[in-house]
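Chain and residue survey
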Amino acid sequence: MEHGKGLMQVSASAPGKLVLFGDHAVVHGYPGIVTAVDRRYQVRARHIDAAALQVRTSADRLHEVPFTALGKTQHPDIAYVAAAINQLNAREPLKHGLKLVTSGPTRSLGLGSSSAISVATLAAASRIHDVDLSLDELYSMARTAILDVQGLGSGLDVAAAVYGGTCFLERAGEIPEALSVERLPLIIGYSGSKAGTVNLVKRVAGLRSRHPDLVEAVLGAMGRISIRSRSCMEEGRWRDLGALTDINQGLLEALGVGTGQLAQLVYAARSARAWGAKLSGAGGGDCAFAWADDSIRADVVAGLEAAGGQVADIACNVPGVKVIDETWR
């Protein structure tokens, strides 16, 4: 493969995620369910004549990191990209320098930008360096990269970015299972505020250390909800799924990760006769979602908007990572 003359590039994209069940519980070894959403993040890769990583971000800032310093890079703009390339370099030392251009939605809405960028980075960089990775290897390396930056994480968001569709994760770090679902009658509402996932996960971990018997019971119940919700989704038992969703929301409130704005969205959806509604992910802000029949979808949307939510026109259950070889422009 010719390099350094701008004749070849590889583009990869990966989807974001919406955590459906197991929020917080998955970090502590319980099952969870996630679906991939069509807010895709892209990475374009090409060779350069330098033993370094260059990254141009969506904010049009250019960063350069020597390969020898990849594992030490914590700049927030490129921490996940550098960690992903460090994983690839550790597996098979890179023979050529690498320039990456990252892009994606300007607002993540809490739907998994860091994991999607990490996965797309690994997919593009491995292709252009002729390193053959299976999806399972890509998943394992991307999850390790996330842990290198954050210090914690379940792998749910990485599973969505790699495999796409809707995935069931039995335990953090294990290879997820694809669920057989054709459609997900979801409505997603953004609360209008961002949340810091790591701090919220640490807060729940602290609560668990102070009250292990009580918090473990809550997390265990959430894990059982994930297992029951799996069969409901695969069998299309949406009313039963809605009831489980409402119970799960109550358990998340018990962990202290709900907010007034998220609660308003949840209750607005229920008042509009949604089957069930809950926050998604770590809480503290970002998104809530509702299950609703098509016949009342407009009412649920109106209710969410009246409660101050921004209804996101986002498809779920979408394909995972994609790679394209193309000419550099």
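Each remark here, short or long, concerns the structure printed above.
The structure reproduced in this document is the subject of the present report. All values derive from a computational prediction rather than experimental measurement.

Thoughts on the overall build of the protein chain
In terms of helices and strands, the protein chain carries 9 helices and 12 strands. Over its C-alpha trace the protein chain gives a radius of gyration of 20 Å, about what one expects of a compact globule, namely 20 Å for 329 residues. For the protein chain, the spread of C-alpha atoms along the principal axes amounts to about 60 × 45 × 35 Å. The long-range fraction of contacts in the protein chain, counting pairs at least 24 apart against all pairs at least 6 apart in sequence, stands at 75%. Taken as two groups, the 33 positive and 33 negative side-chain charges of the protein chain have centres that lie 4 Å from each other.

Looking at helix α4 (residues 156-163)
Judged by how many residues are buried, α4 sits mostly within the fold: 6 of 8 residues are covered. Within α4, burial applies to Leu 156, Val 158, Ala 159, Ala 160, Ala 161 and Val 162. As for α4, its buried residues are in contact with β1 (9-21), β2 (32-48), α2 (113-128), α3 (135-150) and β6 (166-169). Note on α4: the residue one or two positions beyond its end, Gly 164, has a positive phi of about 70 degrees.

With respect to the side chain of Ser 229
Along the chain, Ser 229 turns up in helix α6 (residues 212-235). Overall, the relative accessible area of 0% leaves Ser 229 in the buried class. The contacts of Ser 229, once residues within four sequence positions are left out, are Phe 21, Ile 33, Leu 241 and Leu 244.

Quick word on the packing of aromatic side chains
Enumeration according to the criterion identifies 3 aromatic pairs in this entry. For the pair Tyr 139 and Tyr 163, a centre-to-centre distance of 5.8 Å together with 50 degrees between the ring planes defines the contact as tilted. Taken together, the residues span a long stretch of sequence, with Tyr 139 in helix α3 and Tyr 163 in helix α4 at a distance of 24 residues. For Tyr 139, a relative accessible area of 1% translates into the label buried. Their ring planes at 85 degrees and their centres at 5.7 Å tell us that Phe 289 and Trp 291 sit as a pair that is edge-to-face. Residues Phe 289 and Trp 291 agree in their burial class; the two are buried. Taken together, the ring pairs in this structure connect Trp 238, Phe 289 and Trp 291 into an aromatic cluster. Residue placement shows Arg 230 over the ring face of Phe 168; its charged tip is 4.8 Å from the ring centre. The ring of Tyr 267 has Arg 270 lying over it, and the distance from NZ or CZ to the ring centre is 5.1 Å.

A few points about the environment of Ser 191
Along the chain, the position of Ser 191 falls in the loop between β8 (186-190) and α5 (197-210). Through-space distance from the C-alpha of Ser 191 to that of Gln 310 is 6.7 Å; in sequence the pair is 119 residues apart. Discounting residues that sit within four places of it in the chain, Ser 191 has contacts with Gln 261, Leu 262, Leu 265, Gly 285, Asp 286 and Gly 308. At a separation of 3.4 Å, a polar atom in the side chain of Ser 191 contacts the main-chain amide nitrogen of Ser 193.

A word on the pairing of β8
Of all 5 residues in β8, 5 are buried; the element is thus mostly enclosed. With burial as the criterion, each face of β8 is covered, one bearing Leu 186, Ile 188 and Tyr 190 and the other bearing Ile 187 and Gly 189. Both β8 and strand β11 (residues 310-312) contribute to a ladder of 3 bridges, which runs antiparallel. What sits directly across from Gly 189, in β11, is Val 311.

Here we look at unusual backbone geometry
At Arg 273, a position not held by glycine, the phi torsion is positive, near 75 degrees. Locating Arg 273 in the fold gives a position in the loop between α8 (260-271) and β9 (276-279). We classify Arg 273 as exposed; its relative accessible area is 52%. At Asp 286, a position not held by glycine, the phi torsion is positive, near 65 degrees.

Observations concerning the side chain of His 28
Take His 28: it is sitting in the loop between β1 and β2. A polar contact is formed between the side chain of His 28 and the side chain of Arg 208, at a distance of 3.2 Å. Those residues in contact with His 28, other than ones at most four positions away along the chain, are Val 204, Ala 205, Arg 208 and Leu 219.

Comments concerning the sheet that holds β11
Strand order in the open sheet formed by 4 strands is β9-β10-β8-β11, and the pairing between neighbours is antiparallel. Of all strands in the sheet, those with a lone pairing partner are β9 and β11, marking the two edges. Geometrically, the sheet is characterised by an average inter-axis angle of 25 degrees between neighbouring strands, direction not taken into account. Relative to β8, helix α9 (residues 297-306) is tilted by about 10 degrees, and along the sheet it contacts β8, β10 (287-291) and β11.

Thresholds, definitions, all that
- Residues numbered from 1 in each chain as written.
- Predicted model: local features only at pLDDT ≥ 70, side-chain atom pairs only at ≥ 80, totals over all residues.
- Heavy atoms only, no water.
- Helix = DSSP H or I, 4+ residues; strand = E, 2+ residues; numbered from the N terminus.
- Rg over C-alpha atoms; globule rule 2.2 N^0.38 Å.
- Contact = heavy atoms within 4.5 Å.
- Lys, Arg positive; Asp, Glu negative; His and termini not counted.
- Charge placed at Lys NZ, Arg CZ, Asp CG, Glu CD.
- Buried < 20%, exposed > 50% of the residue type's maximum accessible area, 1.4 Å probe, protein only.
- Phe/Tyr/Trp six-rings, centres within 6.5 Å; stacked < 30°, edge-to-face > 60°.
- Lys NZ or Arg CZ within 6 Å of the ring centre and 35° of its normal.
- Polar contact = N/O pair within 3.5 Å; in protein donor to acceptor, adjacent residues only side chain to side chain.
- Pairing = 2+ DSSP bridges.
- Axes fitted to C-alpha atoms, helices over the stretch in contact; angles between N-to-C directions.

No statement about biological role is implied by the geometric values presented.
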